[in-house]
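Commentary on secondary and tertiary structure
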Amino acid sequence: MITINFLNARWPSLNIMILAAIICMAQSADAGRDPDPNIGRQLYQSYCLVCHGPHGDTKGPLAVKLNLKPENLASAKYQKKSISEMALIIGGYERMAGKKMPIWRRAIPESNIEHIAAYIAQIKSTDLRFIGDPRRGRLIFRNSCVACHGSRGKGTGILAKLIGAPMSDFSNPESVKRYSDKALLMIIRKGKDKFMPGWEGTLNNKEIIDVASYVRSLSK
Ligand code: HEC
Ligand code: HEC
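Turning our eyes to something else, we now look at the site of ligand 1. As a matter of local geometry, ligand 1 sits amid 22 residues, with Cys48, Cys51, His52, Lys100 and Met101 nearest to it. Between a nitrogen atom of ligand 1 and a side-chain N or O atom of His52, the distance comes to 2.7 Å. One of the side-chain N or O atoms of Tyr78 is found 2.5 Å from an oxygen atom in ligand 1. Of all elements in the fold, only helix H4 (49–52), helix H7 (83–91) and helix H8 (110–121) reach the threshold of two or more residues within the shell around ligand 1. Grouping the amino acids of the shell around ligand 1 by side-chain chemistry returns 16 nonpolar, 1 polar and 5 charged.

So, on to the environment of Glu174. Summarising the element assignment, Glu174 is placed in helix H12 (residues 173–177). Assessed through its relative accessible area of 59%, Glu174 is described here as exposed. The spatial distance from the C-alpha of Glu174 to the C-alpha of Ser219 is 8.4 Å, given a sequence separation of 45 residues.

For helix H14 (residues 205–217), with 13 residues, the first-to-last C-alpha span of 18 Å sits near the 18 Å given by 1.5 Å per residue. Of the positions making up H14, those classed as buried are Ile208, Ile209, Asp210, Val211, Ala212, Ser213, Tyr214, Val215 and Arg216. Summarising the contacts, the buried residues of H14 are in contact with helix H3 (37–47), helix H9 (134–144), H12 and helix H13 (181–190). If you check the start of H14, you find a side-chain oxygen 3.1 Å away from the backbone N of Lys206, and it comes from Asn204.

Basis of the calculations
The residue numbering used here restarts from 1 in each chain and proceeds along that chain's sequence as written. For naming, the first written chain is A and the first written ligand is 1, with later ones following in the order written. Local features in a predicted model are, by the rule used here, given only for residues with pLDDT of at least 70; side-chain atom pairs are given and counted only at 80 or more, and totals for whole chains, interfaces and linings are based on all residues. Excluded from the side-chain calculations are hydrogens and water; all other atoms, namely the structure's heavy atoms, are used. Nearness here has a simple test: a residue counts as near a molecule or strand if at least one of its heavy atoms is within 4 Å of that partner. The definition of a polar contact used here is a pair of N or O atoms within 3.5 Å, where within protein one atom must be able to donate a hydrogen and the other to accept one, and adjacent residues in sequence count solely through side-chain atom pairs. Secondary structure is summarised from DSSP: a helix means a run of H or I of at least four residues, a strand means a run of E of at least two, and numbering begins at the N terminus for each. Under this grouping Gly is polar, as are all residues other than the nonpolar Ala, Val, Leu, Ile, Met, Phe, Trp, Tyr, Cys and Pro and the charged Asp, Glu, Lys and Arg. Three labels apply to residues, based on accessible area from a 1.4 Å probe with only protein chains included: buried if under 20% of the type maximum, exposed if over 50%, partly exposed otherwise in between. By this rule the span expected of a helix is its residue count minus one, scaled by 1.5 Å. Contacts are residue-level and defined by heavy atoms, with any inter-residue pair within 4.5 Å sufficient.

Written out as structure tokens, the structure reads:
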């Protein structure tokens, strides 16, 4: 308190600047913490799938083994809740008595719980089998996609310039994030509009999943 008083007396404008900087930092930290379903998906796979199953609607292998009855997370009961309501339930703040699910706030930081809640909000439109190997996807991308999409998917490939096609920048989080996994795989399988070719038949299913994972990883 003494230092603050001292600062106040001597350099009031400096004080305001420090305060403004602190507020800016707090705000940008908040923005970075937006619940992200892509992060949530990986966390879900690590912590929840064993009991709730790959689509949230079936028993995972551990639930079967322990004869647990996990709730159906894809059901309307949970799908109509907001992300923050779900985060409270998962964190165990709003747990009803006698429930058998772990109290996750003891094991997972709150921001990660929100990422998981964001993933659960779209669990019906995504496909966990989608998780491929982005490192292998990178090699496939270099072979099959770079000519148009450019290195790291910036949209600056030579062919794109030749055909004059408008390309999105995959490193921009707004570009492919708007697609669910299913939609993203569909574009790569079947193609899009005039110039994006479909890869089904040229790449096998595993390769398509790997390259889609790589495309996703570009905007992280
Ligand atoms: C060890 C098995 C197990 C794991 C792992 C597990 N759950 Fe559960 N979960 C359950 C069971 C069993 C229930 C049914 C309710 C109960 O008895 O607690 C449940 C219920 C729930 C509910 C509903 C709770 C309520 O009060 O309505 C949510 C939401 C949920 N789980 C989310 C998750 C999330 C998210 C994860 C991963 C971070 C996860 N679960 C991991 C077993 C598990
Ligand atoms: C012959 C050029 C060409 C090649 C090769 C190509 N693409 Fe494309 N791709 C395009 C064009 C052009 C678009 C934009 C289509 C549109 O939105 O109008 C596009 C769009 C996309 C989109 C959707 C982007 C968005 O924002 O809507 C994805 C995802 C994609 N391509 C992935 C791939 C992958 C993965 C490969 C390699 C396996 C690949 N593309 C190879 C030309 C190509």
